[in-house]
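Survey of secondary and tertiary structure
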Amino acid sequence: MNILRNRSQIITYTVDKNINNNLYISVQNGEVIVQAPWYFSKNQIQEIVEEKKRWILEKLKEYETKKEEYISGGIVKILGKECSVKIRYKNRKTPQVDIEDGTIKIELPKSYKKVDNTEMLTLLTQKIYNVIAEREIENTMEKTRILLGYAPEDYELARMKNTLGKCSKDKKITINPDIVKYKQEIIDYVVLHQFIHLKYKTHSKKFYETIRKYMPNYEKYANEIAGMQY
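Reference entry: report on the structure contained in this document. For every chain, the first residue of the written sequence is number 1, and numbering continues from 1 along that sequence. Only residues with pLDDT of at least 70 are given local features in this predicted model, and only at 80 or more are side-chain atom pairs given and counted; all residues enter the totals for whole chains, interfaces and linings. Note: side-chain values were computed over all heavy atoms of the structure, leaving out hydrogens and water.

Examining the packing of aromatic side chains
The geometry of an aromatic ring pair is captured by two quantities: the separation of the ring centres and the angle between the planes. Stacked, edge-to-face and tilted are the three classes for Phe, Tyr and Trp ring pairs, Trp counted by its six-membered ring, which pair at centre distances within 6.5 Å; planes under 30 degrees apart are stacked, over 60 edge-to-face, the rest tilted. Counting across every chain of the model gives 6 aromatic pairs. When the ring of Trp38 is compared with that of Tyr39, the centres are 5.6 Å apart and the planes differ by 90°; the resulting orientation is edge-to-face. Only protein chains enter the accessibility calculation, which uses a 1.4 Å probe; a residue whose area is less than 20% of its type maximum is buried, one above 50% is exposed, and one in between is partly exposed. We classify Trp38 as exposed; its relative accessible area is 57%. Centroid distance Tyr189 to Tyr230: 5.5 Å. Interplanar angle 75°. Geometry classified as edge-to-face. Of this pair, Tyr189 sits in helix 4 (residues 184–196) while Tyr230 sits in the segment after helix 6 (218–224), and the two are 41 residues apart along the sequence. Tyr189 sits in the buried class, given a relative accessible area of 1%. Of the aromatic side chains, those joined through ring pairs into one cluster are Tyr189, Phe207, Tyr208, Tyr218 and Tyr230. Helical segments are the DSSP runs of H or I of at least four residues, strand segments are the runs of E of at least two, and each set is numbered from the N terminus.

Dropping the structure here:
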């Protein structure tokens, strides 16, 4: 490894000697490679690197800029709409997530490059759902309370496997924050479903008659989440 110092700028480069008569300088993955004839001295090589330092620094800057560009992280559903995920790594201590025009932009510390993207995206998606659910479920609960004229004594957001919502024996409603991947109508249906369980514990005829009274087309939404418990 060789080093060229120029004021505050330092260029490190690797020399690869060969039998060719020409000297080539390239920047590969952020590394400066000098291919020089076998008979070139160290000082001769350093002089040429000095002459080309502006070009080298520009190429290194281009590499750093490109390295910080967003890369695709797949698709995530939010309120029934598909949002593309863009990820980039920057010099920061903690992750940052922003949602702009249907795109989820995630900035991760460079140290996270060693972490599996799939695992990291799952964790960040859950955090996004948690934040959105706090707002959406609160609004839906209030809307349903006004519609029915009653409400649970308490409710909570909690992640549950294959379950979107439940109503306990002590009349506490639990909603899975992952529900915000579905469109608003389905959220309204699941919350309404749990509210009506406050009066009817089982899926009796009266239970479904009550749902139909307030949401005549509820079966359409029930079919869309078939296989999920609630």
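Considerations on the nonpolar core
Buried Ala, Val, Leu, Ile, Met, Phe, Trp, Tyr and Cys residues form a nonpolar core when they are joined through side-chain atoms within 4.5 Å. Membership of the largest hydrophobic core comes to 42 residues, with the highest contact counts inside it found for Ile78, Ile104, Ile106, Ile179, Tyr189 and Val190. Among the elements of the structure, strand 5 (71–78), strand 6 (81–90), strand 8 (103–109), helix 3 (117–148), strand 11 (172–175), helix 4, helix 5 (205–214) and helix 6 are those that each provide at least two residues to this core. It is helix 3 that provides the largest number of residues to this core, a total of 10 residues. In contact with Ile179, other than residues within four places in its own chain, are Ile137, Leu164, Ile187 and Val190. Core analysis: the second largest hydrophobic core is formed by 11 residues, Ile11, Val32, Phe40 and Val49 among them. Between two residues, a contact is recorded if the distance between any of their heavy atoms is within 4.5 Å.

Considerations on the pairing of strand 11
Remark: a regular strand shows side chains that alternate across the two faces of the sheet. Paired strands, in this sense, are two strands between which DSSP finds at least two bridges. Bridge analysis of strand 9 (residues 154–157) against strand 11 gives 4 bridges, and the strand direction is parallel. Note on strand 11: the bridge partner recorded for Leu157 is Ile175. Direction of pairing for strand 10 (residues 165–167) relative to strand 11: antiparallel, over a ladder of 3 bridges. Each bridged residue has a counterpart across the sheet, and for Cys167 the counterpart in strand 11 is Ile173. From the end of strand 10 to the start of strand 11, which pair antiparallel, there are 4 residues, and Lys171 there has a positive phi angle of about 65°.

Focus: the sheet that holds strand 11
What the 3 strands build is an open sheet, ordered 9-11-10; its pairing is mixed. The sheet terminates laterally at strand 9 and strand 10, the two strands that pair on one side only. Across this sheet, the average inter-strand angle for adjacent strands is 15°, counted without regard to direction. Along the sheet, helix 3 makes contact with strand 9 and strand 11, crossing strand 9 at roughly 150°. Set on the sheet, helix 4 makes contact with strand 10 and strand 11; between it and strand 11 the angle comes to about 160°. Each axis is a line fitted through C-alpha atoms, and for a helix only the stretch in contact is used; angles between axes span 0 to 180 degrees, taken between their N-to-C directions.

Describing unusual backbone geometry
With a phi angle near 55°, Asn162 is a residue other than glycine that sits in the positive phi range. Inspection of the secondary structure assignment puts Asn162 in the loop between strand 9 and strand 10. With relative accessibility at 43%, the residue Asn162 sits in the partly exposed group.

Examining a nonpolar patch on the surface
On the surface, Ile19, Trp38 and Tyr39 cluster together into a nonpolar patch covering about 420 Å² of accessible area. Mapped onto the secondary structure, Ile19 falls in the loop between strand 2 (9–18) and strand 3 (24–28). The exposure class assigned to Ile19 is exposed, which follows from its relative accessible area of 74%. Only residues whose relative accessible area exceeds 30% and that take part in no salt bridge are eligible for patches, with like-charged residues grouped when within 9 Å of each other and nonpolar side chains (Val, Leu, Ile, Met, Phe, Trp, Tyr) grouped when within 5 Å. In this description, accessible areas are obtained by the Shrake-Rupley approach with a 1.4 Å probe, and a residue is regarded as covered only by the protein chains that are shown. Here, a salt bridge means any Lys or Arg side-chain nitrogen found within 4 Å of an Asp or Glu carboxyl oxygen.

Focus: helix 4
In this model, helix 4 (13 residues) spans 18 Å end to end at C-alpha, consistent with the 18 Å of a helix rising 1.5 Å per residue. Of the positions making up helix 4, those classed as buried are Ile186, Ile187, Asp188, Tyr189, Val190, Val191, Leu192, His193, Gln194, Phe195 and Ile196. Looking at the buried side of helix 4, the elements it contacts are helix 3, strand 10, strand 11, helix 5 and helix 6. A helix is expected to reach a length of 1.5 Å times the quantity of its residues less one.

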